[in-house]
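Each chain, letter by letter, is given below.
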Amino acid sequence: MYLSDYHLHTRCSSDSQATLTQQAEAALAAGLREICVTDHWNLLDQAGNRLPTVYSWEASLKQWKKLRSRWPGALELRLGVEVGNGVLDPAAVDASLELPELDFVIGSLHSQSAAAGGRGIFTVAHECTTKEDGAAILDDYMDMLEELVQTRGWDVLGHVIYPLRYIPEEYGLDLRPWWDRLAEVFRTVIAQGKGIELNTTCGTTVSQWRDVLALYRDLGGEVLTLGSDAHHSRFIAAAFPQALELLQSLGFRWLCVYRSRTPLFYKADS
Ligand SMILES: [Zn+2]
Ligand SMILES: [Zn+2]
């Protein structure tokens, strides 16, 4: 069975200590045939400060080139990046993504909009004291998602349910109040031949994805990657059996890997 993890981090991300060797060896141990390293390039830090709008590829390229041919026939190793808040400067993002070795780009939103202060969603969600605070975060997030899909610098939308990871569960919030807007976002994704990912968040969020994936599927969405978002090797391919079960129950038969920013489909259940 061919299986890939298309969202993982290494020490080229400021919040990971993992080496690419550790991540690759964990992938082999988990029976994966392909991984794509997607280190962070965020345009804002958690406090809302602007970060460089030119991405320095040197460290990512160096570790990838060193290892890409180490496991021939056993593990395909591809180079990607996770862009955080690319909506802030789409032209700068596009310029930095012009790298011949680059196969795949995840477009993520880790921060609030500039109008809302630009602080990290992780930070503001942990400061939530009311359900209304949580809803305001989601409302702002949907505004940015609508902007992001109009830009070019991404292949799949990263962890679409991201704020729900951190908003206190007791508020019982989900994306239902924004369903029509989310559907429109997905229609735009599909019309462009782009996709979304099922991000297992180290195995913690599979059940939260059901309705969102069902909506995407109902609208005709087929381009889908599967990723663990592992910042440590113990989370590579986390909860993939449950994720595959969910995908099959929703009628998804294919998953994608990428070559030169173009999706290739492989059968998810064989
Ligand atoms: Zn992310
Ligand atoms: Zn990530």
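Heads up: these notes are all about the structure in this document.

About the cut-offs
Residues numbered from 1 in each chain as written. Chains lettered and ligands numbered in written order. Predicted model: local features only at pLDDT ≥ 70, side-chain atom pairs only at ≥ 80, totals over all residues. Heavy atoms only, no water. Donors = N, O, S within 2.8 Å, 3.2 Å for Na, K, Ca; no water. Tetrahedral: all angles 85-135°; square planar, octahedral: opposite > 155°, others 65-115°. Core = buried A, V, L, I, M, F, W, Y, C linked by side-chain atoms within 4.5 Å. Buried < 20%, exposed > 50% of the residue type's maximum accessible area, 1.4 Å probe, protein only. Helix = DSSP H or I, 4+ residues; strand = E, 2+ residues; numbered from the N terminus. Contact = heavy atoms within 4.5 Å. Pairing = 2+ DSSP bridges. Axes fitted to C-alpha atoms, helices over the stretch in contact; angles between N-to-C directions.

### Some words on the coordination of the zinc ion (ligand 2)
Reference geometry at the metal: tetrahedral coordination by four donors gives ideal angles of 109.5 degrees; octahedral coordination by six donors gives 90 or 180 degrees.
Okay, step 1: Distances from the zinc ion (ligand 2) to its protein donors, His-7 (NE2), His-9 (NE2), Glu-82 (OE) and Asp-229 (OD), fall at 2.1 to 2.3 Å.
Okay, step 2: For the zinc ion (ligand 2), the four donor atoms are set out with angles of 81 to 171° between them, so the coordination reads as irregular.
Okay, step 3: Written as a sequence motif, the donor residues of the zinc ion (ligand 2) are H-x1-H-x72-E-x146-D.
Okay, step 4: The metal-metal distance between the zinc ion (ligand 2) and the zinc ion (ligand 1) is 3.3 Å, with Glu-82 coordinating both.

### Considering the coordination of the zinc ion (ligand 1)
Okay, step 1: All of the protein donors around the zinc ion (ligand 1) are Glu-82 (OE), His-110 (NE2) and His-159 (NE2); their distances to the metal are 2.0 to 2.1 Å.
Okay, step 2: Mapping the donors of the zinc ion (ligand 1) onto the primary sequence gives the spacing E-x27-H-x48-H.

### Some words on the nonpolar core
Okay, step 1: Grouped together as the largest cluster of nonpolar side chains are 92 residues, with contacts concentrated most on Leu-157, Leu-182 and Leu-213.
Okay, step 2: For this core, the element with the most residues is helix α5 (residues 131-148), which contributes seven residues.
Okay, step 3: Other than its neighbours up to four places away in sequence, Leu-157 contacts Gly-107, Leu-145, Leu-148, Val-149, Val-185, Val-189, Gly-195, Ile-196 and Glu-197.

### Remarks on the sheet that holds strand β4 (residues 104-108)
Okay, step 1: Within the open sheet, the seven strands sit side by side as β1-β2-β3-β4-β5-β6-β7. Their pairing is parallel. Strands with a single pairing partner mark the edges of an open sheet, and in this sheet they are β1 (4-5) and β7 (224-227).
Okay, step 2: Sheet topology note: the strand β5 (residues 156-157)/strand β6 (residues 195-199) ladder contains two bridges and is parallel. Across the sheet, Val-156 pairs through a bridge with Gly-195, a residue of β6.
Okay, step 3: Where helix α9 (residues 240-249) meets the sheet, it contacts β1, β6 and β7, and its direction lies at approximately 155° from that of β7.

No statement about biological role is implied by the geometric values presented.
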